[in-house]
Amino acid sequence: MTKTSALLLLAFTSLPLLAQDPNAGEEAPASAAEVLTALNAQGGTITLPGDIATLQLASNFVYLTPENAETLLVEGWGNPPGNETLGMVLPAGLNPVAAEGWGVVITYNEDGYISDAEADEIDYDALLADMKEASIAESEERVEMGYGSMLLTGWAEPPRYDKATHKYYWAQEFDTDGSEINSLNYNIRVLGRQGVLNLNAIAGMNQIATIKSEMPDLLAVTEFTDGNRYEQFDANTDKVAEYGLAALIAGGVAAKMGLFAKLFALLIAFKKVAFVAVAALIGGFSKFFGKKSNKTEG
């Protein structure tokens, strides 16, 4: 494909993923079922890579392996390659590459046990001010890398910590260059014996009502496996993280830890900017749809 034709395809920002209709001989929008089948989405009880945790998915959610999550992140949502995840969770009834599509990226930071002793002492207003200031520098770095600017505007949902389940959740709103709708990053952190399980929902601010209603269900069915649970921490043998809950929210530790910060700085913005990168999508899923078309014709 020439550069010119690729740019023309990218300009049609309302187009969904296209597939060949063998009956009509014309291009037709791919359904949610077709795209999820192409991505080999799985349901039911999922054990995450490394046997770290399990997901007891209800029928309204499906899971993508790390390999298939990478396909969606890169070829479907326009993120740079090399995203190290434990997979993704998607709504079962939505086309992930359509405007209304969204997903939850799962990662794990094995940095040690994080004490929750400071949970009631964090000044979230002061923390937000620091995070906004940091986002200016991070946005400038994004621009230097060739991506659009992205600035934190505030909490979409203030942080809340559940001491009984050791689960933290909050949401941030970002003003993203090139998008009429601000980006939403809805965060869930599940504290474990040796690290933190991260679930980040990537969507637009216009979807916050849906995310708020769906994420508690996913939160409830996400648990560390036996031996990895928070309450099984052994102070005599287990590593303690070098940071606390405030740093976990701020993401300041992420820059020190490596990929985590850059990965999610990119994901937050590019779900809604590049979900319609039709040229990349057609290339990414053409093998699946091509095989389907040939079988139908035969």
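Please refer to the structure placed before this passage.
Calculation notes
- Within every chain, residues take consecutive numbers counted from 1 along the sequence as written.
- Where totals are concerned, whole chains, interfaces and linings use all residues; where local detail is concerned, this predicted model gives features only for residues with pLDDT of at least 70, and gives and counts side-chain atom pairs only at 80 or more.
- To obtain the side-chain values, all non-hydrogen atoms of the structure were included, while hydrogens and water were left out.
- Secondary structure counts use DSSP, requiring at least four H or I residues in a row for a helix and at least two E residues in a row for a strand, with both numbered from the N terminus.
- Exposure classes here rest on a 1.4 Å probe applied to the protein chains alone. A residue is buried below 20% of its type maximum, exposed above 50%, and partly exposed in between.
- The contact criterion used is simple: two residues touch if any of their non-hydrogen atoms lie within 4.5 Å.
- Shrake-Rupley sampling with a 1.4 Å probe provides the accessible areas, and residues are treated as covered by the protein chains on show and by no other component.
- Pairing between strands requires that DSSP locate at least two bridges from one strand to the other.
- Helix axes are fitted only over the stretch in contact, all axes being lines through C-alpha atoms; the angle between N-to-C directions runs from 0 to 180 degrees.
- Paired rings are identified among Phe, Tyr and Trp, the last through its six-membered ring, by centres lying within 6.5 Å, and are further divided according to the angle between planes into stacked (under 30 degrees), edge-to-face (over 60) and tilted (the rest).

Peer 1: It is not clear to me how the overall build of the chain should be interpreted in this structure. Could you clarify?
Peer 2: If you tally the helices and strands in the chain, you get nine helices and 12 strands. Counting over 298 residues, the chain shows a buried share of 50%. In the chain, once contacts between residues fewer than 6 apart in sequence are set aside, the share between residues at least 24 apart is 62%. For the chain, the accessible surface area stands at approximately 13700 Å², while carbon and sulfur atoms represent 52% of it.

Peer 1: Just checking my understanding: could you explain the sheet that holds strand β3 (residues 45-47) for this structure?
Peer 2: Strand pairing in a sheet takes place through backbone hydrogen bonds and is either antiparallel or parallel in direction. Strands sit in the order β3-β4-β12 across an open sheet of three strands; the sheet is antiparallel. The sheet terminates laterally at β3 and β12 (222-224), the two strands that pair on one side only. Across this sheet, the average inter-strand angle for adjacent strands is 20 degrees, counted without regard to direction. Two strands pair when backbone bridges link them, and β3 and strand β4 (residues 53-56) are joined in this way by three bridges, in the antiparallel orientation. The residue of β4 that forms the bridge with Ile46 is Leu55.

Peer 1: Help me out: how do you make sense of the packing of aromatic side chains in this one?
Peer 2: Two measures describe an aromatic ring pair: the distance that separates the ring centres and the angle between the ring planes. The tally for this structure, following the rule as stated, stands at five aromatic pairs. Centre to centre, the rings of Tyr108 and Phe224 are 6.2 Å apart; their planes meet at 65 degrees, and the pair counts as edge-to-face. You can see Tyr108 sitting in strand β7 (residues 103-109) and its partner Phe224 sitting in strand β12, a full 116 residues away along the chain. Both residues of the pair, Tyr108 and Phe224, belong to the buried class. Here Tyr113 and Tyr230 contribute two aromatic rings whose centre-to-centre distance is 4.6 Å and whose plane-to-plane angle is 25 degrees, an arrangement assigned as stacked. With a gap of 117 residues between them, Tyr113 in the loop between β7 and α4 (124-144) and Tyr230 in the loop between β12 and α6 (245-250) connect regions that are remote in the sequence. An aromatic cluster is built from Tyr113, Tyr230 and Phe233, whose rings are joined through pairwise contacts.

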